[in-house]
Every structure is written in C-alpha cells, then in structure tokens.
Amino acid sequence: MISLTNNKDLKPEDFPSDIKGLRMTKQRREVLAVILRDRDHPTANDVFLRAQDRMPTISLATVYNCLEALVNHTIVRQVNLDRESSRYCPNLNDHCHFQDEASGKIHDVVFKETNQK
Ligand SMILES: [Zn+2]
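About the thresholds
Residues numbered from 1 in each chain as written. Predicted model: local features only at pLDDT ≥ 70, side-chain atom pairs only at ≥ 80, totals over all residues. Buried ≥ 20, exposed ≤ 12 C-beta atoms within 10 Å, placed from the backbone. Helix = DSSP H or I, 4+ residues; strand = E, 2+ residues; numbered from the N terminus. Arc of directions from axis to C-beta. Contact = placed C-beta atoms within 7 Å. Axes fitted to C-alpha atoms, helices over the stretch in contact; angles between N-to-C directions. Parallel < 35°, antiparallel > 145°, perpendicular 65-115°, else oblique. Nonpolar A, V, L, I, M, F, W, Y, C, P; charged D, E, K, R; others polar. Core = buried A, V, L, I, M, F, W, Y, C linked by C-beta atoms within 7 Å. Expected span 1.5 Å × (residues − 1).

## So, helix α2 (residues 44-54)
- What α2 keeps buried is the set Val47, Phe48 and Ala51. Down the axis of α2, the buried side of the element spans an arc of 100°, and every buried residue falls inside it. Those residues of α2 that are exposed and angled more than 90 degrees off the buried face are Asn45 and Asp53.
- Looking at the buried side of α2, the elements it contacts are α1 (26-38), α3 (60-72) and β4 (87-89).

See below:
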C-alpha cells in the first residue's frame, strides 16, 4: 500500500488502480492529487479550479462526484466549518481543524492523547 499521507510528490498516474475498494478513474486520481498536493483544505471549487490545470475538460459536477466517492471510501475527509463550504483534508489521522481568522487558512491540530468518542 502506498502512503497517501506522507508523499507530496505522488503523481496521479502513480496511484493504484483501486484504493480501499474504490476504482481510481482518471478524474478521481486528479481530484485526489490536487488534495494531496497542497494540503491546504481546499473547497470543492478550489479543487475544481486546480484540477483544470491538468484536466481542462473536468466539470464541477464531476469534481463533486469524485469528492463524494473519495469521502465515502474514507480516502479523504470532509471538513465542515461554520458558515463555509465543505473543505477536503487528506489527513486521516485523528486531528482537529483550526482556522486562522486573519489568513482564512485552515491548519491541522493534532492532540497527543487519543480521545475516543
Ligand atoms: Zn485536516
């Protein structure tokens, strides 16, 4: 199994044909690659704009479908913050999100103790 969490240079074509039972179509690879590349918790619209660099024909609806599939297969995590569009995070380890109000950037916050709910 390749590491999806610690491999910034991973290219869409390097992904296995199947991740956690999800068939990795070209579009899903592209969407996943975008989320893994910058790790800045992009919104679906951000993912769409970035995916267009390499795949100009991809549509926003396709991006949404890809994101939904990736979330359903716990390949990426959907992050919902108050009054904002959902964002997408490739960090599947236990963590919280902290939003810097000045920059609007979202950071991962990892706690030492594990707190099972
Ligand atoms: Zn995160």
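Next comes the rest of the description.
## Details of the packing of α1 against α3
- The geometry of α1 relative to α3 is characterised by a closest axis approach of 9 Å and an angle of 80° between their N-to-C directions. As judged from the angle between their axes, α1 and α3 are roughly perpendicular. Contacts between α1 and α3 involve Gln27, Arg28, Val31 and Leu32 from the first element and Thr62, Val63, Cys66, Leu67, Ala69 and Leu70 from the second.
- Among the residues forming the contact of α1 with α3, the class breakdown is seven nonpolar, two polar and one charged.

## Observations concerning unusual backbone geometry
- We note that Arg39 has phi near 55°; this positive angle belongs to a residue other than glycine.
- If you trace the backbone, Arg39 turns up in the loop between α1 and α2.

## Some details on the nonpolar core
- In this structure, Val31, Leu32, Ile35, Val47, Val63, Leu67 and Leu70 are the most contacted members of the largest nonpolar core, which totals 16 residues.
- Of all the secondary-structure elements, those providing two or more residues to this core are α1, α2 and α3.
- The greatest single-element share of this core, amounting to six residues, is contributed by α1.
- For Val47, the contacting residues outside a window of four places in its chain are Val31, Val34, Ile35, Pro42, Val63, Leu67 and Tyr88.

## Some points on α3
- Compared with an ideal rise of 1.5 Å per residue, which puts 13 residues at 18 Å, α3 spans 18 Å between its outermost C-alpha atoms and is within 8% of the ideal.
- All buried positions along α3 are accounted for by Val63, Cys66, Leu67 and Leu70. Buried residues of α3, seen end-on, are gathered within an arc of 100° and therefore sit on one face of the element. With respect to the buried face of α3, the exposed residues turned more than 90 degrees away are Ala61, Glu68 and Asn72.
- Residues of α3 that are buried make contact with α1, α2 and β4.
- Thr74 occupies a position one or two residues after α3 and carries a positive phi of about 45°.

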